[in-house]
Amino acid sequence: MIAEVPVRGYFEENCYFYIDDETKHGFLIDPGAQADRLLAMIRKNGWVIEKILLTHGHFDHTGAVDVIRKALSVPVYAYQSADDYLLDAMRNLSALCGPAVIVKDVNYLNDGDIVRLEANPERELRVLYTPGHTTDSVVYYAAEDQIAFVGDTIFKGSIGIYRFPGGSQEDLIKSIRNRIFTLPDETILYSGHSEATTAGAEKRRYE
């Protein structure tokens, strides 16, 4: 099961629960704000969150991390270069919008890594490194369910912003063409700031 939850801090951002229906264990992806609301959903539904996964280190995707991981005693995972953003309030943009958001002590992922659910190892996400929006951006792809959590790399009808620190238009276009547009056309793309779309629908926009 996938639950999309728009949360609002300084910006509105979509965070996601990826939950195994049988065990009620799962992952929380990009908890950007409203920690109390997200924790209430977890408790109401009886979910067990095994890991918090970050698509990149911008503060609107990480703002609720510390409260939630402390409440649930769960680890946080991000790409190997994520500290460049998580530990720098200017690069993660929080210094420009309000109080600094700093996230320490994360576990590192590399391109191609598999994140498996302990309660059901058949439920897994593959890490796809997709720089361009930031230098630490990743996509989490579940082939079995034909879904991908794409963060701010691509949106319905548009692509990610590349003018922020570490952004690169060239890298972003390469990531979209070589990583996202090579996924099966029916793959549903869940992004940080738009409605869901599919890899095929977005690929056709640029053909």
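Here's a quick rundown of the structure. (Residues numbered from 1 in each chain as written. Predicted model: local features only at pLDDT ≥ 70, side-chain atom pairs only at ≥ 80, totals over all residues. Heavy atoms only, no water.)

As summarised here, the arrangement of the six strands in space is β1-β2-β3-β4-β5-β6, forming an open sheet in which the pairing is mixed. Edge strands, defined here as strands with exactly one partner in the open sheet, are β1 (2-8) and β6 (107-109). Between one strand axis and the next, the sheet turns by 30 degrees as a mean value, whatever way the strands run. As paired strands, strand β3 (residues 25-29) and strand β4 (residues 48-53) are joined by five bridges and run parallel to one another. Following the sheet pairing, I29 is matched in β4 by L53. (Pairing = 2+ DSSP bridges. Helix = DSSP H or I, 4+ residues; strand = E, 2+ residues; numbered from the N terminus. Axes fitted to C-alpha atoms, helices over the stretch in contact; angles between N-to-C directions.)

Tallied over the entire structure, the rule returns eleven salt bridges. Ionic pairing is found between K174 and E170, a salt bridge with its closest N-O pair at 3.3 Å. One end of the pair, K174, and the other, E170, are both in helix α4 (residues 169-180), four residues apart, so they sit about a helical turn from each other. What makes K174 partly exposed here is its relative accessible area of 44%. The class for E170 is exposed, based on a relative accessible area of 52%. D185 is the salt-bridge partner of K203, the closest N and O atoms lying 2.8 Å from each other. In this pair, K203 sits in helix α5 (residues 199-205) while D185 sits in the loop between α4 and β13 (188-191), placing the two residues 18 residues apart along the sequence. The class of K203 is partly exposed, set by a relative accessible area of 22%. Among the residues examined, D185 registers a relative accessible area of 35% and is labelled partly exposed. A cluster of three or more residues bridged by salt bridges with shared partners is formed by D20, R123 and D145. (Salt bridge = Lys/Arg side-chain N within 4 Å of Asp/Glu carboxyl O. Buried < 20%, exposed > 50% of the residue type's maximum accessible area, 1.4 Å probe, protein only.)

A few words now on unusual backbone geometry. Positioned with a positive phi, Q34 is a non-glycine residue whose angle comes to about 55 degrees. Its location among the elements puts Q34 in the loop between β3 and α1 (35-45). With a relative accessible area of 35%, Q34 lands in the partly exposed category. With a phi angle near 60 degrees, D105 is a residue other than glycine that sits in the positive phi range. A relative accessible area of 70% places D105 in the exposed class.

Two numbers describe a pair of aromatic rings. These are the distance of the centres and the angle of the planes. Per the stated rule, a full pass over the model turns up nine aromatic pairs. On the numbers, 4.9 Å between centres and 80 degrees between planes, the contact of Y10 with F11 is edge-to-face. The exposure class assigned to F11 is partly exposed, which follows from its relative accessible area of 38%. Taking the centre distance of 5.4 Å and the plane angle of 55 degrees together, the rings of Y16 and F149 count as tilted. Of this pair, Y16 sits in strand β2 (residues 12-19) while F149 sits in strand β10 (residues 147-151); the two residues are 133 residues apart in sequence, bridging distant segments of the chain. Exposure class is identical for Y16 and F149. Each is buried. Residue placement shows R91 over the ring face of Y85; its charged tip is 4.6 Å from the ring centre. (Phe/Tyr/Trp six-rings, centres within 6.5 Å; stacked < 30°, edge-to-face > 60°. Lys NZ or Arg CZ within 6 Å of the ring centre and 35° of its normal.)

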